[in-house]
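Examination of the molecular architecture
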Number of protein chains: 2
Amino acid sequence: MHGTIQPVSRLVEAFARLPGIGPKSAQRLTFYLLRAPVEASRELADALIQMRENVIFCSLCFNITSEDPCDACTDARRDRSIICVVEEPLDVLALERTRGYRGLYHVLHGALSPIEGIGPDDLKITPLLARLRDGTVKEVILATNPNVEGDTTAQYLTQLIRPLGISTSRIARGLPVGGDLEYADEVTLAQAMENRRMV
Amino acid sequence: MHGTIQPVSRLVEAFARLPGIGPKSAQRLTFYLLRAPVEASRELADALIQMRENVIFCSLCFNITSEDPCDACTDARRDRSIICVVEEPLDVLALERTRGYRGLYHVLHGALSPIEGIGPDDLKITPLLARLRDGTVKEVILATNPNVEGDTTAQYLTQLIRPLGISTSRIARGLPVGGDLEYADEVTLAQAMENRRMV
């Protein structure tokens, strides 16, 4: 019977290794999939492989891409004097949908959070500062989420970037406080970009 | 950029379809795996496929097995006059580890829970009653978890089984109330089986 339980235990352990999923949840998920149609497990497995095989991070802006550097970083029509800093790749997609921004991006991959133990070294901050050294960039738009972590991160980056003689702006508070950038509607997001203020 | 986001969105959606995982959690899990070593995604994907390809349910006792009927149901050395009813396949494994029980098993695949909307038709109760009809079984040990749902399920089954002239017993309260059968230590579990009382 141990031979039969092994594949089950293995999946329980694999789920339990994911953040925010404890042993009980991992077991519940495993038996849910064992009882669900086989397609549910196949789709999840295939989605996992497809993502890891086809998605990489741009070595310049750290957005998700299929080729390095990404389309945005190599697009000659984009304004290279302005960089919009966001927390996650999905935030870039949300901003692109507004069609109102034509500059470059930089994905931090998170926000500063003392509670979750996320510090500057856990974010793509050093590579951002490296991009600012050649003097091409004149303005950095801090489009981190309008919540405590996002504001803290924006303030931290402002202190690092302003001494470089580069303007920093914060995406306007057109977004609901405590909200999440990627779920904002396009008009609100476009206005928030338009109404950004120098800081 | 939509071409790049598609594999990411697909995985977010696949995670979001799992019970207890909302869109935000699904996104957090997806980006965690995107940043983690590729092995993490491969292991989870492979564990999913391996489990669904190698594990099926026994058509008699509904325990997990690689062949139907399972080893326990076909083992001639087991006492076919007694059936131990449990909630989950892992409970069978826990009882087997005690080496104190040599009867048959029946896995309900859950417990009655009005709050979660889990009723008798959601559990393997009808097939259990079918197994009791030929008069071979003399006693049914109700080894559902020692919590509200487990007790409710045991009481419900007692009302259905006793009229058939079959003894029903409840696994002894050697287990911590509110606890979970599969995590009990072997001695406690063995004693709980030994001290079962007729109900």
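Predicted, not measured: the structure shown is a model, and the values here were computed from it.

Right, let's get into the overall build of chain A. A tally of regular secondary structure across chain A gives eight helices and seven strands. Overall size of chain A, expressed as C-alpha extent along the three principal axes, is 70 × 35 × 30 Å. Residues classed as buried in chain A amount to 53% of the 199 residues present. Of the roughly 9300 Å² that chain A leaves accessible, carbon and sulfur atoms contribute 52%. Separation of charge centres in chain A, based on 22 positive and 26 negative side chains, amounts to 1 Å.

Each domain of chain A was delimited in the assignment, giving domain 1 (2–54) and domain 2 (64–198). The centre of domain 1 of chain A, based on its C-alpha atoms, is set 34 Å off from the matching centre of domain 2 of chain A.

This brings us to the side chain of aspartate 75 of chain A. For aspartate 75 of chain A, the position within the fold is in the loop between helix 4 (71–74) and strand 3 (79–86). Setting aside anything within four residues of it in sequence, one finds aspartate 75 of chain A in contact with Arg80 and Arg102 of chain A.

Below, the discussion takes up the pattern of salt bridges. According to the stated counting rule, one finds 16 salt bridges over all chains in the structure shown. One salt bridge connects arginine 10 of chain B with glutamate 43 of chain A, and the closest N-O pair in it is separated by 2.8 Å. Of this pair, arginine 10 of chain B sits in helix 1 (residues 2–16) while glutamate 43 of chain A sits in helix 3 (residues 38–54), on two different chains. Among the charged side chains, a network of salt bridges with common partners joins Asp75, Arg77, Arg78, Glu96 and Arg102 of chain A.

We now examine the interface of chain B and chain A. It is common to report an interface's size as the accessible area lost on association of the parts. Taken residue by residue, the interface counts 60 residues in chain B and 60 residues in chain A. Between chain B and chain A, the buried area comes to about 5700 Å², and carbon and sulfur atoms account for 70% of it. Our enumeration of links across chain B and chain A arrives at six salt bridges. The shortest N-O distance in the salt bridge between aspartate 46 of chain B and arginine 10 of chain A comes to 2.7 Å. Our count for the contact surface shared by chain B and chain A stands at 12 residue pairs in polar contact (both at pLDDT 80 or more).

Ranked by size, the top nonpolar core spans 44 residues in total, and within it Phe15 and Leu44 of chain A together with Phe15 and Leu44 of chain B carry the most contacts. Listed by contribution, the elements that provide at least two residues to this core are helix 1 (2–16), helix 2 (23–35), helix 3 and helix 5 (89–97) of chain A together with helix 1, helix 2 (23–35), helix 3 (38–54) and helix 5 (89–97) of chain B. Beyond its immediate sequence surroundings of up to four residues, phenylalanine 15 of chain B is in contact with Leu18, Leu44 and Leu48 of chain A together with Ile21, Ala26, Leu29, Thr30, Leu33 and Leu44 of chain B.

For the rest of this paragraph, the subject is the environment of leucine 189 of chain A. Turning to its location among the elements, leucine 189 of chain A is positioned in helix 8 (residues 186–194). Separated by 35 residues in the primary sequence, leucine 189 of chain A and alanine 154 of chain A have C-alpha atoms spaced 17 Å apart.

Mapping between the two copies of the chain is achieved by a rotation about an axis and a shift along the axis. Take chain B, turn it by 180°, move it 0.0 Å along the axis, and it overlays chain A with an RMSD of 0.0 Å. Here the transformation between the copies is reduced to the relation of a two-fold axis. No C-alpha of chain B approaches the rotation axis more nearly than that of alanine 45 of chain B, which lies at 2.1 Å. Same-surface contact between copies: 100% of interface residues of chain B are shared with the interface of chain A.

Now for the packing of helix 2 of chain A against helix 3 of chain B. Across the interface, helix 2 of chain A lies against helix 3 of chain B with an axial gap of 10 Å and an inter-helix angle of 50°. One finds that helix 2 of chain A runs oblique with respect to helix 3 of chain B. The way helix 2 of chain A lies across helix 3 of chain B gives a crossing that is right-handed. Each of Thr30, Leu33 and Leu34 of chain A in helix 2 of chain A lies in contact with helix 3 of chain B, whose residues at this interface are Leu48, Met51 and Arg52 of chain B. The residue inventory of the contact of helix 2 of chain A with helix 3 of chain B, partitioned by class, reads four nonpolar, one polar and one charged.

Rules and cut-offs
- Residues numbered from 1 in each chain as written.
- Chains lettered and ligands numbered in written order.
- Predicted model: local features only at pLDDT ≥ 70, side-chain atom pairs only at ≥ 80, totals over all residues.
- Heavy atoms only, no water.
- Helix = DSSP H or I, 4+ residues; strand = E, 2+ residues; numbered from the N terminus.
- Buried < 20%, exposed > 50% of the residue type's maximum accessible area, 1.4 Å probe, protein only.
- Areas by Shrake-Rupley, 256 points an atom, 1.4 Å probe, with all protein chains shown as cover.
- Lys, Arg positive; Asp, Glu negative; His and termini not counted.
- Charge placed at Lys NZ, Arg CZ, Asp CG, Glu CD.
- Domains from an automatic or database assignment.
- Contact = heavy atoms within 4.5 Å.
- Salt bridge = Lys/Arg side-chain N within 4 Å of Asp/Glu carboxyl O.
- Buried area = accessible area lost by both parts, 1.4 Å probe.
- Polar contact = N/O pair within 3.5 Å; in protein donor to acceptor, adjacent residues only side chain to side chain.
- Core = buried A, V, L, I, M, F, W, Y, C linked by side-chain atoms within 4.5 Å.
- Least-squares fit on C-alpha atoms with pLDDT ≥ 70 in both.
- Axes fitted to C-alpha atoms, helices over the stretch in contact; angles between N-to-C directions.
- Parallel < 35°, antiparallel > 145°, perpendicular 65-115°, else oblique.
- Left-handed = near helix turned anticlockwise from the far one by under 90°.
- Nonpolar A, V, L, I, M, F, W, Y, C, P; charged D, E, K, R; others polar.

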